[in-house]
Structures are given as C-alpha cells and as structure tokens.
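Next come the chains, spelled out residue by residue.
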Amino acid sequence: MSWSFSIGRFGATTVRVHVTFFLLLAWIGVSAWQRGGANAAAISVLFIILIFACVVLHEFGHILTARRFGIETPDVTLLPIGGVARISRMPEKPAQELAVAVAGPMVNVVIAFFLFLILGTIEPDALSRVDDPQISFVARLAAANIFLVIFNMIPAFPMDGGRVLHALLAMKLGRARATQIAALLGQALAFAFGFFGLVSGNPILIFIAIFVYVAAAGEAQISALDEAAQGLSVGDVMETHFNAIPVEASLADAIETLLATAQHEFPVVDAFGKPAGFLVRDDILTALKDHDRKASITTFMRAPGETVRPDAPLAKILERLRGPRAQPVAVTDAEGVLVGLLTRQTLAELMMIKLMRPDWRLHRG
Ligand SMILES: [Zn+2]
C-alpha cells in the first residue's frame, strides 16, 4: 500500500496526495483553532492548500517541460514536505536538463509576480513573517512563493538548484564530472545544514540535511550507472551463458535446474527458443507449498515482459532494472529467439568494472 490516493489526472500524469498531508492540514487547523477560533483555522487551512496548489503548479512546470522533450511523468505525489514528481528520467542534453529544472521555480516567480501585481506593492517584510496573520493573505501567499523559489534554488540534489548546477557543470565538464561535483557539493551542504541545525537547535534544518544527504548519495549512484551505460548497447553487457527452462517443464524439473545451477532467475522458452515467461527462485519455492511434482510451471511462472534487441541502447533499459524487485529483461534476435538476459547482477558487475577501470572497453564484436 502506498498511503496515497489519486485526486485527478492531467495529461499522462496522476496527481496523488499522501495521507500524511492531511495530518499536516489537521495539525495546522487545530493549532490555529486554539489560537484564534474557527475562522482562523479555516484561513490557515485554506492558506496551506493554496501553497500546495502552487507546489503542484511548480511540479507541472517540470512535468510539462520534460514532456516537450518526450519524457513522461506517471505521477506526482503531494507530501507535507512538498511535491514529488516521478519524472521517468532526466534529459541527457544539459540544455534540456537545465530547462526542466528551471521551469519549476519559474512557475513560482510568475505566480509571485501576479500576486504582487494584485497587491500593487512589494512588501519585503512579508517574507520573514509568512505565518503572521496580521499581514494580508495575498502578501503572505506571494512571500511563500518567493520562499519556494529560494528553497528550491539551493544548489543541492534533490532541490532544483542541484539540477541547475549539474546541467551548467555538464555543459563545461561533461556529465560524469558534473555529477561527481554536484553530488559532493550536495553532501557538503547537507553537513552544513546539519551543523547549523544542531548549533541552532532547529529540527527542520536537521531534517533537510538528512533529506539532502540521502538524495545526493542516491543521485550519485543512479547517475554513475547512467554514465557507465553511455555508448553501450544491450548486447555489449548482456548475459549469454545461462540456463533456460522449457515451457513444458514440471515443478520437479524447475527444482532440478534450480539446484544444478547458481542462477536465481530463469527465462522460460517455448519449442522455438522464444521467451514464454520468467521464473525466479522465490516463485519456484512458493510453488512447492501448493503444487505437486508434476505441476506445469506455466501455472506459476511470470509473464515474459517486453523484450529488447541486442542493438538497443543500454541507457534506455536501465529504468526497468531499477528497484529490488525488478525482473530480468529478455534479449531476443530478429526472429524473436532468446539470445541474452539483462539482470540487476549484470548492472552491478558493469559498475564494478567501471569503478576499477573507467576506460575499459566493453564493446563486443
Ligand atoms: Zn522543483
């Protein structure tokens, strides 16, 4: 269970709200009620909802720009800390990455601009007193948007400023070096936030520090893998020595193969050698509970998933192999015959080779 539910769909993107967001609303509402009664509670809750509407618009700044470059975003989730858009990948061209990163904060600049137009004045004072009910609602909303821009432009992943920095560095130094520097700076900033958080006793700073540190580390790992895959095809790294299980096999045959090999993931092939399904070790072991020896593996195997050709760029397939439960990808030739496998293990080995010898050539044939 993901603890979030859909509130609507815009284009190809589902907008989801996490349950903890309602806890935030409830908390804001109750504390405002205690201070100023029902009216104050309603205004405070409305204020938070409007800020989060601005956050969603900010995310759609990223999403719509990414879509222009052919990159889809399946969903965006509202959390108490802000919006998280699951953009399927970042553009490889630094100029496009820069455009996607800047588009979010630009939305808040535009919103703030229009709110200041409505106000007729700019009150710099409001920025430091966003939670002061004495200041007009519109001024506070404008100030909140300015705050969103400043916060998001902190030059550290996962903030947009980290992306902007990465794109600018990549234009000068190439993606690999840019990722290293951006991730390093992100972690350094995380330590700085953590330090000031501890010294000033500010738990929010400490929270941001942890958040930034984890994101920078994760980003460095994902980008390093993307980088290692650049210029390689699926055929360059796929496993070619493996055991496949024939589709007419029984549970007993599957157990036999499991014991006889070091493999944990088995492609299932038909009489022509074409992929018909997948069996992983857990599937076979689970099947032992309620199937007998003669049971056909087709009753508990998984669907084969979308196949790829050996000449496909490796970088395009990485997304499918992310996550601890990712299924291997079957590689087939022009006739649809299984010729290779891409597994998480393959990627781990690729990373180890690139770590030892970044210049090592992996091209086959
Ligand atoms: Zn953003």
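Report follows, based on the coordinates. Every value quoted in this text rests on a predicted model; they were computed, and no experiment measured them. Sequence positions are assigned chain by chain, starting from 1 and proceeding in written order. Owing to the predicted nature of the model, reporting of local features is limited to residues with pLDDT of at least 70; listing and counting of side-chain atom pairs is limited to 80 or more, with chain, interface and lining totals taken over all residues. As a rule here, side-chain values come from all non-hydrogen atoms in the structure, and water together with hydrogens is ignored.

Examining the sheet that holds strand S3 (residues 75-79)
Right, so step 1: Pairing between strands is defined by DSSP: at least two bridges between them are needed. Comment: elements are numbered from the N terminus, with helices defined as DSSP H or I runs of at least four residues and strands as E runs of at least two. An order of S1-S2-S3-S4 is seen for the four strands of this open sheet, with the pairing classed as mixed. With one partner strand each, in any of the chains shown, strand S1 (4-10) and strand S4 (82-85) form the two edges of the open sheet. Across the sheet, the mean angle separating the axes of adjacent strands is 25 degrees when strand polarity is ignored.
Right, so step 2: Bridge analysis of S3 against S4 gives four bridges, and the strand direction is antiparallel. Within the sheet, the bridge partner assigned to Val 76 lies in S4 and is Ala 85.
Right, so step 3: Throughout, a contact is declared for two residues whenever any of their heavy atoms are within 4.5 Å. Every axis in this analysis is a line fitted to C-alpha atoms, fitted for helices over the stretch in contact. Angles between the N-to-C directions lie between 0 and 180 degrees. Where helix H1 (residues 19-68) meets the sheet, its contacts fall on S1, strand S2 (13-18), S3 and S4, and the angle it forms with S2 comes to roughly 155 degrees.

Considering the packing of aromatic side chains
Right, so step 1: Stacked, edge-to-face and tilted are the three classes for Phe, Tyr and Trp ring pairs, Trp counted by its six-membered ring, which pair at centre distances within 6.5 Å; planes under 30 degrees apart are stacked, over 60 edge-to-face, the rest tilted. Taken as a whole and assessed by the stated rule, the structure comprises nine aromatic pairs.
Right, so step 2: Judged by centre distance (5.9 Å) and plane angle (80 degrees), the rings of Phe 10 and Phe 60 are edge-to-face. Of this pair, Phe 10 sits in strand S1 while Phe 60 sits in helix H1; the two residues are 50 residues apart in sequence, bridging distant segments of the chain.
Right, so step 3: We call a residue buried when its accessible area falls under 20% of the maximum for its residue type, exposed when it is over 50%, and partly exposed in between, using a 1.4 Å probe and counting protein chains only. Accessibility expressed as a relative area gives 12% for Phe 60, which makes it buried.
Right, so step 4: Ring pairs connect the aromatic residues Phe 5, Phe 21, Phe 22 and Phe 52, which therefore count as one cluster.
Right, so step 5: Over the ring of Phe 47 we find Arg 140; its NZ or CZ atom is 4.6 Å from the centre of that ring. Geometrically, a charge over a ring is one whose NZ (Lys) or CZ (Arg) sits within 6 Å of the ring centre while staying within 35 degrees of the ring normal.

So, the sheet that holds strand S6 (residues 265-269)
Right, so step 1: In space, the three strands of this open sheet follow the order S5-S6-S7, with mixed pairing throughout. Every other strand in the sheet has two partners, leaving strand S5 (245-246) and strand S7 (275-280) as the edge strands with one partner each.
Right, so step 2: By the bridge criterion, five bridges tie S6 to S7 in an arrangement that is antiparallel. Among the inter-strand pairings, Val 268 is bridged to a residue of S7, identified as Gly 277.
Right, so step 3: Strand contacts of helix H10 (residues 281-290): S6 and S7, with the helix running at about 75 degrees to S7, the strand carrying the most contacts.

Description of the environment of Leu 225
Right, so step 1: Assignment of secondary structure puts Leu 225 in helix H7 (residues 203-229).
Right, so step 2: Sequence-wise, Leu 225 and Ile 150 are 75 residues apart; in three dimensions their C-alpha atoms are separated by 30 Å.
Right, so step 3: In this structure, Leu 225 is in contact with Leu 318, Leu 347 and Met 351, ignoring residues within four places of it in sequence.

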